[in-house]
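Listed below are the residues making up each chain.
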Amino acid sequence: MPPPLGSDELIFFVNGRKVTERAVDPEVTLLTFLRRKLGLTGTKSACGGGGCGACTVMLSRHDPASGKPRHFSVTACLVPVCSLHGAAVTTVEGVGSVRSRIHPVQERIAKSHGTQCGFCTPGMVMSLYTLLRNYPQPSEEQLLEALTGNLCRCTGYRPILESGRTFCSDSGGCGQTESTRCCLDQPGGDSCPAEDSSLPARMCSELFTRAEFWPLDPTQEPIFPPELMRMAESPERRTLTFCGDRVTWVSPGTLQELLELRARHPDAPLVLGNTALGPAARPHGGVHPVLLSPARVPELSAAADTSAGLTIGAGCSLAQVQDILAKSIAKLPGEKTRTLQALARALRSLAGQQIRNLASLGGHVMSQHSYSDLNPILAVGRAALNLRSEGGERVIPLDENFLAGVASAGLRPGEMVESVHIPHTRKWEFVSGFRQAQAPKNAVPHVSAGLRVLFKEGTDAIEDLSIAYGGVGATTVMAPRSCQQLLGRHWTEVTLDEACRLVLGEVVVPGSIPGGRAEFRRTLLVSFLFRFYLQVLHELRTRWFPGPPSALSDSCWCPKLPDQFLSALEDFPVTVPRGLQTYQSVDPQQPSQDPVGRPIMHLSGLKHATGEAVFCDDLPRLDRELCMALVTSTRPHAKIVSVDPSKALGLPEVVSVITAEDIPGTNGTEGDRLLAVDEVLCVGQVICAVVAETDVQAKRAAEEVRVTYEDLQPVIFSIQDAIKHSSFLCPEKKLEQGSIEEAFAKVDQVLEGEVHVGGQEHFYMETQRVLVVPKAEDRELDIYVSTQDPAHVQKTAASTLNVPLSRVTCHVKRVGGGFGGKVGRPATLGAIAAVGAVKTGRPVRLVLDREEDMLITGGRHPLFGKYKVGFANSGRIKALDIECYINGGCTLDDSELVTEFLILKLENAYKIRNLRFRGRACRTNLPSNTAFRGFGFPQGALVTESCITAVAAKCGLPPEKVREKNMYWAVDKTIYQQAFNPEPLGRCWAECLSRANLKARRAQADAFNQQSHWRKRGIAAVPMKFSVGFAATSFHQAAALVHIYTDGSVLVTHGGNELGQGIHTKMLQVASRELRVPMSRLHIQETSTATVPNTVATAASIGADVNGRAVQNACQTLLKRLEPIIKKNSEGTWEDWIDAAFEQRISLSATGYFRGYKASMDWEKGVGDPFPYYVFGAACSEVEIDCLTGAHRKLRTDIVMDTGCSLNPAIDIGQVEGAFLQGAGLYTSEELHYSPEGALLSRGPGPHEYKVPTVADVPEELNVTLLPSAPERTQLSIYSSKGLGESGMFLGSSVFFAISDAVAAAHRDRGLVEDFTVRSPATPERVRMACEDRFTEMIPRETPGTAKPWCIPIS
Ligand SMILES: Cc1cc2nc3c(=O)[nH]c(=O)nc-3n(C[C@H](O)[C@H](O)[C@H](O)COP(=O)(O)OP(=O)(O)OC[C@H]3O[C@@H](n4cnc5c(N)ncnc54)[C@H](O)[C@@H]3O)c2cc1C
Ligand code: FES
Ligand code: FES
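Residues numbered from 1 in each chain as written. Chains lettered and ligands numbered in written order. Predicted model: local features only at pLDDT ≥ 70, side-chain atom pairs only at ≥ 80, totals over all residues. Heavy atoms only, no water.

- Looking up the protein in an unreviewed UniProt entry gives the name aldehyde oxidase, with the organism given as Heterocephalus glaber.
- Looking at the protein in UniProt, the text filed under Subunit (unreviewed entry) is "Homodimer."
- Per UniProt, the comment on the protein under Subcellular location (unreviewed entry) is "Cytoplasm". (UniProt positions renumbered as here; feature names shortened; annotations may be inferred.)

Spelled out as structure tokens, the structure:
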């Protein structure tokens, strides 16, 4: 294509290769450019908004001043490709390759088991790589900082950090603290595996061998391209222009030129980091016809320190600002840098490293986000903006008028911010900044604050006061009137109370505030004031009046801060987690080439780390391929009056609109249509789809399809409303044993309570994707899809197209995380795409972006539970009656099964003679909720454990005592009369309590709590009995196909899908043992319905069990055939035997089959044997909460898990840790918000949105032990191993109960009743509001019904 008229040449380098673009579209991001134009698909797309780090790459620019390149990580999804002129980009492909040389970063992340599904891995590698380019021996703090912008949904982060730590200067041993022993110190030696004499069996604590790692040699890194160095040293000052279809990018080389352009295009935004413009522009599809890029204007990146203050160029990135601040703070006296220190502290928590590397100071100030971390501090710090325009220079204060958007106080047309001036603080001046967010890192604050006070020289009389808040209005809000009224007042409690009263009167947080949490925000306003009051008081006392505290009496004007209050002054420390992972090493007699039981790296680990692992959307574009975009309902319950696609069809490159009328076969089921026909049942339901030549065109056209609706009643969102309307998806499920009413009559005490558990988004890093390729003959179709159940996709597509199953082949190479969310939904999406492919006769690709994925697909069922429990004063529970309701959404999906599982698993680890469990799935007008790791158990068991905790509180006993009293200890039968042996449960529990040293640590926590009023510690242990498998017999089967080729290589195929759980690795371990050939000779290509038919979903934790047995069966068949040959030539090699077999016409291909467990459950009688076996476990967590903000830190978690004979301890520990952290997310931070109209508001990881755990959420100490195997062996799984995919999820509840324990301690301190209604997740909002105090008392409370809430409760 010829370049557009007037377009310049864009020059940059990618992985050392020069890229020269003459026709570049300013709307294209670096991510799209890399993936589409250059075919570099190692860089992944998972959110498109800078929030997940999957697209991290390294940018390098030559700095002529230092003569060195500057390397920094960025999220490629936010970088406009036009901004790259003169930059060098390094992607994961440029770091290393399995085909040539892998980089130590890639080697170590893979070999440390830091990859599971591998979708986040390239981003992780790039963050680590960039860190090492700047600091070859980083500190642990730098390591943590480098990774806070990268999300991983699988691993739980610990192994990723472990791999990074191998480069750190300050890491020694293998990362254990004093409380656990380093494996190097254990008896028996200097290398692992080493015996741990505290456990009966031979235990090992090494999962990888450091000694085999390649050293990092920084001199071997690629050099910065000399051409770019020359360009930077003699920069071109000419304005560069890049013209696209809709947008023109103009990049001036001088300030004068920039000012002229600014005058000519007053409405054109200045693009610096694009972190506000990019995500902000997306949802509305809005464009700015002209974008001005000031990045080449040197004046905007300058910084100057004067005697009056620090001036920082508006174009400096926030990361550069951090460096500039650090230098000033280091060289100036502390009293001058209080504002700078507050800014530096705030910057440490602002977004992830990649965003700080992109976002500019000017962009931050000018985007005036409500939640800004910096503006409140800049405002109170009396910062000023130096403005420039063609007309000259001007200085305006960054004050309340500027922030409030008063026209006269802001920028005039043609002006821009050149720099920000931050005055030095004075001797009697104090400045602080505060924030509280949903999560400790990578989350925007709910409320941020900047506070400054200046005292009259040598007194505590307030001479000047300034207060500003973020998160409580449309932009940063100040409280000038309150401050004015407090002038002259003394720094006392009385003044504080007055300040709180005044601020609450002036800063009004409306009940309908976007983001919700109005009462919490109000509480934070005053909590932050209090914290500031304490900080200043403490400083006044300790700094300005040195000498023994006794020298000042408490009646003095500067009262002594009570010791118990000191903890309120500090932030939680940021520490890199440590811990010990222990497992049973293999029998010393096991042959060394037999890999079973050894911590073998994930088969794709290295390919994950180099970006060479191919995911569905990484498949190269096919000839004539089309892209599909979905049109979804904007109404929760409505009749579809009309669908008008005409405008969409009139757009360029749009090929077709697919509606229900195009479906040749069946359109889903009566209650669950693929494409809505007459009625929509929820916001997000798919109505039709657009296919176009490009994804951008398809998306634009989808927005132009006009759907008219007629609203219908009723509209039901919450469980309570569903109960009121008797709106249920299926009949009640019930189990009962003993005589509940009689038992209640005889007990000492009866308690009743309610439990609410919120839903959860799967947040698999790879969103739903499918590519359908129609074939030329016989209506055949290939479907490449990211699914846990290819056979279901095949069946759905075949029935939708009305073709036999034999014509449709589904291929699954690997899945970037599933967690249950890719069992059902991929079939619907695959079938819709298949209709598009058949209608157009062209390949169709459908890739959901994160927002669509979250909007359309349901997740974990929210639950509302009521319990009534009768117990003896000793804590022994005699009767328990639990009634649960789950929010199923608008269609049945898996809701009936989830209800059944919930009821079957509710008893958890407890033997209670008189029980009644009832459960119902509510039909609501929300997207259908579906399978999710644990399948109801994590929600249900929280009700049971909450009840036990309440009983313990009532009896005045530690909860673990009540748990022990009621646990199964001997061979017994469950509520549904299935016999089982709980011996491993007792072992897990005892081991966990002893490893965690619970008794002593509880005493320590009590002692801490006595000393600390505003921080409280809590500790809790939970036991677990988790049943694996499906309750239906047909699901307990699997098949495999094993081919031996004449060169001796072996191709293994089985019915399981690789979701990151390492099933392919385990299957090759099995095949290797059975065939007695090394794993290197074995290979798995993909899962395909053409090779292994009629498979069941890879789910319910039994994938490896059943497929392992099928692979074993196939291998044993082959070995049996080879036996006579081997016998005859016992000295021969594998190749000799295969040669001979071929010569003798012995088939070298075999299928394997496993007919698994016969599950049964009679719901009429309430009895059955639904599960093949149980996984037992226990976890103990300790937390510290901040009563003023509701934040918590996870001090330590100890997990003991019964794995039977682990097939692969590294993989199994990975499953346990990953599930644990996902569980901790469920119970503490992951919160879904729905609008009053039923639309999901929390879509994506970006600002304000859904917060999955980050690297900063891992417990500071995390110890995991796989219980040594018991003598009892099971034939129901492979080699007596146990499936661990789901069970660890529930152990995350130990964090929840530890938080409850800490809240209870706060209640005791404040003389409040100990129990509070349990609501999960225990977010900072809930914890803060539960820790009632004088601040929660003083805030105005919401009168229900007075304001339209931003979001509605649904559980
Ligand atoms: C994932 C993510 C997480 C985030 N987390 C946080 C957080 O925790 N806390 C927080 O406070 N913020 C957070 N942010 C917001 C971030 O700080 C801002 O988006 C960023 O600072 C904006 O800077 P930018 O250079 O990217 O602006 P751009 O997007 O490039 O520009 C934004 C606006 O500023 C204007 N502008 C830019 N420079 C000038 C100038 N010199 N003169 C006049 N106008 C100018 C532009 O015209 C444009 O309208 C987050 C953002 C993202 C994407
Ligand atoms: S895809 Fe770029 S940060 Fe998520
Ligand atoms: S391995 Fe990190 S998201 Fe799957």
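**Quick notes on the overall build of the protein**
- For the protein, the helix and strand inventory stands at 39 helices and 48 strands.
- For 1355 residues, the compact-globule estimate of 2.2 N^0.38 gives 34 Å, and the protein sits close to it at 31 Å.
- For the protein, the spread of C-alpha atoms along the principal axes amounts to about 95 × 85 × 70 Å.
- Considering only residue pairs separated by 6 or more positions, the protein has 77% of its internal contacts joining residues 24 or more positions apart.
- Summed over all atoms, the accessible surface of the protein reaches about 48,000 Å², with 51% contributed by carbon and sulfur.
- Side-chain charges in the protein split into 140 positive and 148 negative, and the spacing between the mean points of these groups amounts to 1 Å. (Helix = DSSP H or I, 4+ residues; strand = E, 2+ residues; numbered from the N terminus. Rg over C-alpha atoms; globule rule 2.2 N^0.38 Å. Contact = heavy atoms within 4.5 Å. Areas by Shrake-Rupley, 256 points an atom, 1.4 Å probe, with all protein chains shown as cover. Lys, Arg positive; Asp, Glu negative; His and termini not counted. Charge placed at Lys NZ, Arg CZ, Asp CG, Glu CD.)

**Regarding helix α3 (residues 104–111)**
- Of all eight residues that make up α3, seven are buried, and the element is covered over most of its length.
- For α3, the set of buried residues is Pro104, Val105, Gln106, Glu107, Arg108, Ile109 and Ala110.
- Just downstream of α3, His113 is the residue with a positive phi angle, here 70 degrees. (Buried < 20%, exposed > 50% of the residue type's maximum accessible area, 1.4 Å probe, protein only.)

**Overview of the packing of helix α4 (residues 121–134) against helix α5 (residues 140–147)**
- Contact geometry of α4 with α5 gives a least axis separation of 9 Å together with a crossing angle of 140 degrees. Between α4 and α5, the interaxial angle falls into the category oblique. Here the hand of the crossing between α4 and α5 comes out right-handed. Contacts between α4 and α5 involve Met124, Ser127, Leu128 and Leu131 on the former and, on the latter, Gln142, Leu143, Ala146 and Leu147.
- For the contact of α4 with α5, the residue count by class is six nonpolar, two polar and no charged. (Axes fitted to C-alpha atoms, helices over the stretch in contact; angles between N-to-C directions. Parallel < 35°, antiparallel > 145°, perpendicular 65-115°, else oblique. Left-handed = near helix turned anticlockwise from the far one by under 90°. Nonpolar A, V, L, I, M, F, W, Y, C, P; charged D, E, K, R; others polar.)

**Considering the side chain of Lys905**
- Mapped onto the elements of the fold, Lys905 is located in helix α27 (residues 895–905).
- Although Lys905 is buried, it forms no salt bridge, and the closest oppositely charged side chain is Glu1286 at an N-O distance of 5.6 Å.
- Here the side chain of Lys905 touches Ser1027 through a polar contact of 2.9 Å, landing on its backbone oxygen. (Salt bridge = Lys/Arg side-chain N within 4 Å of Asp/Glu carboxyl O. Polar contact = N/O pair within 3.5 Å; in protein donor to acceptor, adjacent residues only side chain to side chain.)

**Digging into the packing of helix α28 (residues 937–955) against helix α29 (residues 959–966)**
- Two elements in contact, α28 and α29, have axes whose closest approach is 8 Å; the angle formed by their N-to-C orientations is 115 degrees. The chirality of how α28 crosses α29 is right-handed. Between α28 and α29, the contacting residues are Glu945, Ile948, Thr949, Val951 and Ala952 on the first element and Pro959, Val962 and Arg963 on the second.
- Looking at the contact of α28 with α29, its residues break down into five nonpolar, one polar and two charged.

**Examining the site of ligand 1**
- Taken together, 34 residues surround ligand 1, and among them Leu272, Thr275, Leu277, Ser360 and Asp373 come closest.
- A distance of 3.4 Å separates an oxygen atom of ligand 1 from a polar atom in the backbone of Ala351.
- Measuring from a nitrogen atom of ligand 1, one finds a side-chain N or O atom of Asp373 at 2.8 Å.
- Taken by itself ligand 1 offers 990 Å² of open surface, and the protein chains cover 94% of this.
- If you list the elements that add at least two residues to the shell around ligand 1, you get α13 (361–367) and β14 (416–423).
- In terms of residues, the shell around ligand 1 owes the most to one element, α13, which gives five residues.
- Considering only residue class, the shell around ligand 1 consists of 18 nonpolar, 13 polar and three charged. (Near = heavy atom within 4 Å.)

**Let's talk about the UniProt feature "binding site: [2Fe-2S] cluster 1" (unreviewed entry) in the protein**
- Within this numbering scheme, the UniProt entry marks Cys47, Cys52, Cys55 and Cys77 as carrying the feature "binding site: [2Fe-2S] cluster 1" (unreviewed entry). Across 31 residues of sequence, these annotated residues stay compact in space, with a maximum C-alpha separation of 10.2 Å.
- Turning to its location among the elements, Cys52 is positioned in the loop between α1 (30–37) and β3 (56–63).
- Residue classification places Cys52 among the buried residues on the basis of a relative accessible area of 3%.
- Residues contacting Cys52, with those up to four places away along its chain left out, are Ala46, Cys47, Gly149, Asn150, Leu151, Met765 and Pro1245.
- In contact with Cys55, not counting residues within four places along its chain, are Leu31, Thr43, Lys44, Val74, Thr75, Ala76 and Cys77.

**Describing the pairing of β3**
- Of all eight residues making up β3, six are buried, and the element is well covered by its neighbours.
- Sheet analysis places β3 next to strand β4 (residues 68–75), joined by eight bridges and oriented antiparallel. Note on β4: the bridge partner recorded for Thr56 is Thr75.
- Pairing analysis gives three bridges linking β3 to strand β5 (residues 88–90), with the strands arranged antiparallel. Within the sheet, the bridge partner assigned to Ser60 lies in β5 and is Ala88. (Pairing = 2+ DSSP bridges.)

**Thoughts on the nonpolar core**
- Counting residues in hydrophobic clusters, the biggest one holds 258 residues, and the most contacted among them are Tyr469, Trp491 and Leu880.
- The greatest single-element share of this core, amounting to 14 residues, is contributed by helix α18 (residues 518–543).
- With 69 residues, the next largest nonpolar core counts Val19, Val89, Leu361 and Leu387 among its residues. (Core = buried A, V, L, I, M, F, W, Y, C linked by side-chain atoms within 4.5 Å.)

**Structural notes on the sheet that holds strand β38 (residues 1037–1044)**
- If you trace the four strands from one edge of the open sheet to the other, you get β40-β39-β38-β42, paired in mixed fashion. Edge positions in the sheet fall to β40 (1082–1083) and β42 (1149–1155), since each has one partner strand and no second.
- One ladder, built from five bridges, connects β38 with strand β39 (residues 1050–1054); its direction is antiparallel. Each bridged residue has a counterpart across the sheet, and for Ile1044 the counterpart in β39 is Val1050.

**Observations concerning the packing of aromatic side chains**
- Counting across every chain of the model gives 28 aromatic pairs.
- Pairing Phe12 with Phe33 gives two aromatic rings, centres 5.6 Å apart and planes at 55 degrees, and the pair type is tilted. Here Phe33 lies in helix α1 and Phe12 lies in strand β1 (residues 10–14), a separation of 21 residues in the sequence.
- Consider the rings of Phe530 and Tyr533, whose centres lie 6.5 Å apart with planes at 25 degrees: the pair is stacked. Taken together, the residues span about one helical turn, with Phe530 and Tyr533 both in helix α18 at a distance of three residues. The same class applies to Phe530 and to Tyr533, which are both buried.
- The side chain of Arg850 reaches across the aromatic face of Phe763, ending 4.2 Å from its centre.
- In this structure, Arg920 packs its charged tip against the face of Phe728, placed 3.9 Å from the ring centre. (Phe/Tyr/Trp six-rings, centres within 6.5 Å; stacked < 30°, edge-to-face > 60°. Lys NZ or Arg CZ within 6 Å of the ring centre and 35° of its normal.)

**Overview of the pattern of salt bridges**
- Applying the stated criterion across every chain, the model contains 91 salt bridges.
- Taking the shortest distance from any N to any O, the salt bridge between Glu736 and Lys734 comes out at 3.5 Å.
- A salt bridge links Glu907 to Lys1025, with the shortest nitrogen-to-oxygen separation between them at 2.8 Å. Remark: Lys1025 occurs in strand β37 (residues 1015–1027) and Glu907 occurs in the loop between α27 and β34 (914–923); sequence separation between them is 118 residues. Taken individually, Glu907 and Lys1025 each receive the classification buried, so the pair is uniform in this respect.
- Salt bridges here are not isolated pairs; linked through shared partners, they connect Arg35, Lys44, Asp617, Asp618, Arg621, Glu625 and Arg845.

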